[in-house]
Amino acid sequence: MRTKRIVASTKYLIFILLSLGMVSLTAGQNDYAAERNEMVEEQIRNRGIADKDILRAMKTVERHKLVPPEQRRFAYDDRPLPIGHGQTISQPYIVAFMTDVIDPRSDMKVLEVGTGSGYQAAVLAEIVSHVYTIEIIEPLAKKASDNLRELGYDNITVKHADGYFGWKEHAPFDAIIVTAAASYIPPELFAQLRDDGKMIIPVGANFAPQQLVLVTKRKNGKMKTKNLMPVRFVPFTRD
Ligand code: SAH
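Position numbers for residues start from 1 in each chain and track the written sequence from start to end. For a predicted model such as this one, the threshold for reporting local features is a pLDDT of at least 70, and the threshold for listing and counting side-chain atom pairs is 80 or more; totals across whole chains, interfaces and linings nevertheless cover every residue. The basis for every side-chain value is the complete set of heavy atoms in the structure, and neither hydrogens nor water enter the calculation.

## Overview of a positive patch on the surface
So, step 1. On the surface, a cluster of positive charge is contributed by Arg218, Lys222, Lys224 and Lys226.
So, step 2. Helix and strand assignments follow DSSP, with helices taken as H or I runs no shorter than four residues and strands as E runs no shorter than two, numbered in order from the N terminus. Inspection of the secondary structure assignment puts Lys222 in the loop between β8 (210-217) and β9 (223-231). Patch membership needs two things, relative accessible area over 30% and no salt bridge, and members are linked within 9 Å if like-charged or within 5 Å if nonpolar (Val, Leu, Ile, Met, Phe, Trp, Tyr). Only the protein chains shown count as cover for residues, with accessible areas throughout obtained via the Shrake-Rupley method and a probe of 1.4 Å. Basic side-chain nitrogens of Lys or Arg form a salt bridge, by our definition, when they fall within 4 Å of a carboxyl oxygen of Asp or Glu. Charge assignment: positive for Lys and Arg, negative for Asp and Glu; neither His nor the chain ends contribute. Working definition for charges: the position is that of NZ of Lys, CZ of Arg, CG of Asp or CD of Glu.

## Let's talk about a negative patch on the surface
So, step 1. Negative charge collects at one region of the surface, where Asp31, Glu35, Glu38 and Glu42 lie side by side.
So, step 2. Tracing the backbone through its elements, the reader meets Asp31 in the loop between α1 (2-28) and α2 (33-44).
So, step 3. Asp31 sits in the partly exposed class, given a relative accessible area of 41%. Residue exposure (1.4 Å probe, protein chains only): buried if accessible area is under 20% of the type maximum, exposed if over 50%, otherwise partly exposed.

## Topic: the environment of Leu55
So, step 1. Its location among the elements puts Leu55 in helix α3 (residues 52-60).
So, step 2. C-alpha of Leu55 to C-alpha of Asn37: the two residues are 18 residues apart in sequence and 9.5 Å apart in space.
So, step 3. Aside from chain neighbours lying at most four places away, what touches Leu55 is Val40, Ile44, Arg45, Ile49 and Ala50. Here, residues are in contact when the closest pair of their heavy atoms is within 4.5 Å.

## What to know about helix α6 (residues 138-150)
So, step 1. Across its 13 residues, α6 extends 18 Å between first and last C-alpha, which sits within 8% of the 18 Å expected from 1.5 Å per residue.
So, step 2. Looking at α6, one finds that the buried residues are Leu140, Ala141, Ala144, Asn147 and Leu148. Projected down its long axis, α6 shows its buried positions confined to an angular sector of 140 degrees, all on one face. Exposed side chains of α6 directed beyond 90 degrees from the buried face belong to Glu138, Lys142, Lys143, Arg149 and Glu150.
So, step 3. Those residues of α6 that are buried lie in contact with β1 (81-84), β2 (87-89), α5 (119-125), β4 (130-135) and β5 (156-160).
So, step 4. Just downstream of α6 lies Gly152, where phi reads positive at about 95 degrees. In a helix, the anticipated span is given by 1.5 Å times the number of residues less one. As used here, the arc belongs to the directions running from the helix axis to the C-beta atoms.

Keep in mind these values describe shape, not function.
Written out as structure tokens, the structure reads:
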């Protein structure tokens, strides 16, 4: 009787241990697909982003693989996250909004200033033909470049440099996205925008309220600007 009970409880114990093992195995392999879907539905579509290419891109890019391991479980939260060196990966909604503003199409060549984690570059690369992205902090440029290659993006080129001067060899760009707050619109970036092209850039003093500004280059080369919304970005720095 006693032996039977011991055998039964041992079996029960083994069953529990196996189940726990299975759970931790699947947790270890979590691809965060459910979290990513929920993020897109609740934070992006619900807030008015309807472009199906952008929704698809954001359902595809594995944001958790572009943040430091200790931030992974927060990757799909509705907020920016630290990525080291005092920098942050933008809140998913801000990435979607900035992408939406430039009206991305499959034949476009886009410049990004401020690679950071590489997430904005990856979202763009899901839609446009090529993304050139510049990062001023060398280890971030290297990490983003490695991660993006590992994720299979062959249409993103990362450079370690001061993005203030743009990337002349590849200009003009159909669109430019700046993801660090500058105190004014860098003239060389505007010069590298094609006629009719759009640039989106946070403008404002450090630690003061900034405005997300849409800059359009008219056919006659003149600049038109429009303030879109107040934002808080890390500062645009210079070497
Ligand atoms: N787009 C990024 C957000 C990065 S935060 C992402 O998706 O994760 C802004 C980044 O701009 C920081 O990594 C910062 O180092 C970089 N940066 C600031 N000034 C810069 C400059 N002059 N040239 C290039 N990168 C710059």
